[in-house]
Amino acid sequence: MIEYENLAKLNQPFFEEYEQAFKDTLQSGWYILGDKVKKFEMDFATYCGAKHCVGVANGLDALQLALCAFNFEKGSEVIVPSNTYIATILAIVQNGLQPVLVEPNIETYNIDATKIEEKITSKTKAILPVHLYGKVCEMNSILNIAKKYNLKVIEDCAQAHGAKFKNSTVGNFGDFGAFSFYPTKNLGALADAGAITCNNEKLAEKIKMLRNYGSKVKYFNEEVGFNSRLDEIQAAFLSIKLSKLDVINNHKRSLASIYQKELNENFIKPIVQEDYFDVYHIYNIRHEKRDKLKDYLLKNNIKTEIHYPLAPNKQKAMMGIIDKQLTPIAEEIHQTTLSLPVSYFHTTEDIYKVVEVLNKF
Ligand SMILES: *Cc1c(COP(=O)(O)O)cnc(C)c1O
């Protein structure tokens, strides 16, 4: 059986270092927001090329706190791609803001920058691009539009740790980069964890307050804050894994390049563009008979996933919120996309096997 993901196997190369980190942290007697969190924040800011990084409890909180930091008036509009994971939309809704869906480009699966301006109104306050599957969005166009209309930009980097356009790494283009370290992400912890990157000291300070009950000085509260703190033990694990993130990303890229080269023309493969360094959190193909293809692969002992089976505006939870916004391109992607094995533990042999079976479909 070729699994889609196996977190024990993925983390196997780090076991010894993790065990040592666990012992150190246990003995330190300090378990939340301490030296290990500070170290990871510095390491990750450096990795992204950002001035600041603030660790938080998970990726949804990272998005939510980033939006909260701007104190937008309730009911303000935030531009977001119509084909994203529900967390991106939830962060907007939980802030009392209105998601305005913009369709993706059918080739990159990322928000179509040419369709953003027509959705901007006097209520629009921010654009929330998602670097889906590990590919950077068209940030030059997005940033130009943001400048023209005086909008904030928050990048959802949950699937794109280390992804680059030219020499710029995600988390560095907009006002904030929001990261998830959910265990399956390219940089994954052993529990929920997240972070926010930014280049503005005042905004970084604000996020630090918001994550810790709105206080800078213990027991004195300046903001209506949250409890969204990062654990020392997860920060210690993340620092270890961060030192191998380039190795992990390059491994995933080399697996993706096998699919890219060997899969036949029956499948729509992800686009590869000059200047884009994609990190393939997900390697997806598209096919009209997607469900049959998934069954066929499973019968041949290959597990796959669908990211995602149902578009956000079709979700029950989103009735009355975004269900009236029509998104045929997002739906087309949701109906045809299939995610293939592309984990750090997979070998090139695994991928050649998947290719062989796929090409006989
Ligand atoms: C994983 C993910 C999130 C949410 O991260 P959590 O840590 O699970 O809260 C947000 N956006 C995208 C695009 C994601 O893939």
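Treat the numbers as computed from the prediction; the structure is a model and nothing was measured.

**Q** Would you explain the site of the ligand in this entry?
**A** The environment of the ligand is formed by 13 residues, the closest being Gly59, Leu60, Asp156, Ser180 and Lys185. Contact between the ligand and Ser180: an oxygen atom at 2.7 Å from a side-chain N or O atom of the residue. With the chains in place, 91% of the 380 Å² that the ligand exposes on its own is no longer accessible. Breaking the shell around the ligand down by element, the ones donating at least two residues are helix H4 (59-68) and helix H5 (86-94).

**Q** In this structure, what is going on with unusual backbone geometry? I would like to understand it.
**A** Glycine aside, the phi torsion of most residues is negative, and most peptide linkages are trans. With an omega dihedral of 10°, the bond running from His307 to Tyr308 counts as a cis peptide bond. Among the secondary structure elements, Tyr308 is positioned in the loop between helix H10 (290-299) and helix H11 (328-336). For Tyr219, which is not glycine, the phi dihedral falls at a positive 75°. As for its placement among the helices and strands, Tyr219 is situated in the loop between strand S10 (215-217) and strand S11 (220-221). Here Tyr219 falls in the exposed class, since its relative accessible area comes to 69%.

**Q** Sorry if this is basic, but what is going on with the nonpolar core here?
**A** Residues Phe40, Phe44, Ile116 and Phe181 are the most contacted members of the largest nonpolar core, which totals 42 residues. Of all the secondary structure elements, the ones that give two or more residues to this core are helix H3 (35-48), strand S3 (98-102), helix H6 (139-149) and helix H8 (232-242). Tallying contributions element by element places H3 first for this core, with five residues. Ignoring any residue separated from it by four or fewer positions in sequence, one finds Phe40 in contact with Phe181, Leu187, Leu230, Ala235, Leu238, Ser239 and Leu242. Ala66, Val80, Leu128 and Ile154 belong to the second largest nonpolar core, which has 31 residues in total.

**Q** I keep staring at the sheet that holds strand S7 (residues 168-169) and nothing clicks. Help me out?
**A** Each strand in a sheet pairs with another by means of backbone hydrogen bonds, the pair being arranged parallel or else antiparallel. Pairing within the open sheet is antiparallel, and its three strands lie in the order S7-S6-S12. With partners counted over all chains shown, the strands left at the sheet margins are S7 and strand S12 (276-277), one partner each.

**Q** Teacher, can you tell me more about the sheet that holds strand S8 (residues 176-180) here?
**A** The sheet built from seven strands is open, its strands ordered S1-S9-S8-S5-S4-S2-S3 with mixed pairing. In the strand order of this sheet, the two ends are held by strand S1 (52-56) and S3, each with one partner. Shown here is a sheet whose adjacent strand axes are inclined to one another by a mean of 25°, direction ignored. Packing against the sheet, H4 makes contact with S1, strand S2 (77-81), strand S5 (152-156), S8 and strand S9 (194-198), and its axis sits at approximately 160° to S8.

**Q** Hey, could you run me through H4 in this one?
**A** For an α-helix, 3.6 residues make a turn, and residues three or four places apart therefore share a direction. For H4, a buried count of nine out of ten residues is recorded, marking the element as mostly surrounded by other parts of the structure. Buried within H4 are the following residues: Gly59, Asp61, Ala62, Leu63, Gln64, Leu65, Ala66, Leu67 and Cys68. At the N-terminal end of H4, a side-chain oxygen is found 3.1 Å from the backbone nitrogen of Leu60, two or three residues along, and the residue is Asn58.

**Q** I keep staring at the pattern of salt bridges and nothing clicks. Help me out?
**A** Two side chains that carry opposite charge are able to pair once their charged atoms sit near each other. All told, the structure shown has 14 salt bridges when counted by the stated rule. A salt bridge links Asp278 to Lys135, with the nearest nitrogen and oxygen atoms 3.1 Å apart. Of the two residues, Asp278 is situated in the loop between S12 and strand S13 (283-286) and Lys135 in the loop between strand S4 (124-127) and H6; the sequence distance between them amounts to 143 residues. Looking at Asp278, the relative accessible area reads 4%, which means it is buried. The shortest N-O distance in the salt bridge between Glu331 and Lys314 comes to 3.6 Å. Here the residue Glu331 occupies a position in helix H11, and Lys314 occupies one in the loop between H10 and H11, the gap between them amounting to 17 residues.

**Q** I keep staring at the packing of aromatic side chains and nothing clicks. Help me out?
**A** Remark: the centre distance and the inter-plane angle together describe each pair of aromatic rings, the angle taken between the planes. A complete count under the given rule lists 16 aromatic pairs for this structure. Ring centres 5.6 Å apart and planes at 15° place the aromatic pair Phe40 and Phe44 in the stacked group. Placement of both Phe40 and Phe44 in helix H3 is noted, with a separation of four residues, approximately one turn of the helix. Assessed through its relative accessible area of 0%, Phe40 is described here as buried. Note on Phe44: relative accessible area 0%, which makes it buried.

**Q** Sorry, what's going on with a nonpolar patch on the surface here?
**A** Together, Phe22, Leu26, Tyr31 and Ile32 make up an exposed nonpolar region whose accessible area comes to about 390 Å². Summarising the element assignment, Tyr31 is placed in the loop between helix H2 (15-28) and H3.

**Q** Can you help me understand the side chain of Arg290 in this one?
**A** Relative to the helices and strands, Arg290 is located in helix H10. Using a relative accessible area of 7% as the deciding quantity, one classes Arg290 as buried. At 3.4 Å, the side chain of Arg290 forms a polar contact with the backbone oxygen of Gln335. With residues up to four places along the chain from it excluded, the contact list for Arg290 reads Ile306, His334, Gln335, Thr336, Thr337 and Leu338.

**Q** Would you mind showing me how to read the pairing of S1 here?
**A** Burial analysis of S1 places five of its five residues in the buried class, which makes it a mostly covered element. Burial of S1 is two-sided: the residues His52, Val54 and Val56 facing one way and the residues Cys53 and Gly55 facing the other way are all buried. Here S1 runs beside S9; their pairing, made up of five bridges, is antiparallel. Residue pairing in the sheet places Val56 in a bridge with Gly194 of S9.

About the criteria used
- Residues numbered from 1 in each chain as written.
- Predicted model: local features only at pLDDT ≥ 70, side-chain atom pairs only at ≥ 80, totals over all residues.
- Heavy atoms only, no water.
- Near = heavy atom within 4 Å.
- Polar contact = N/O pair within 3.5 Å; in protein donor to acceptor, adjacent residues only side chain to side chain.
- Areas by Shrake-Rupley, 256 points an atom, 1.4 Å probe, with all protein chains shown as cover.
- Helix = DSSP H or I, 4+ residues; strand = E, 2+ residues; numbered from the N terminus.
- Buried < 20%, exposed > 50% of the residue type's maximum accessible area, 1.4 Å probe, protein only.
- Core = buried A, V, L, I, M, F, W, Y, C linked by side-chain atoms within 4.5 Å.
- Contact = heavy atoms within 4.5 Å.
- Pairing = 2+ DSSP bridges.
- Axes fitted to C-alpha atoms, helices over the stretch in contact; angles between N-to-C directions.
- Salt bridge = Lys/Arg side-chain N within 4 Å of Asp/Glu carboxyl O.
- Phe/Tyr/Trp six-rings, centres within 6.5 Å; stacked < 30°, edge-to-face > 60°.
- Patch = residues over 30% accessible without salt bridge, like charges linked within 9 Å, V, L, I, M, F, W, Y side chains within 5 Å.

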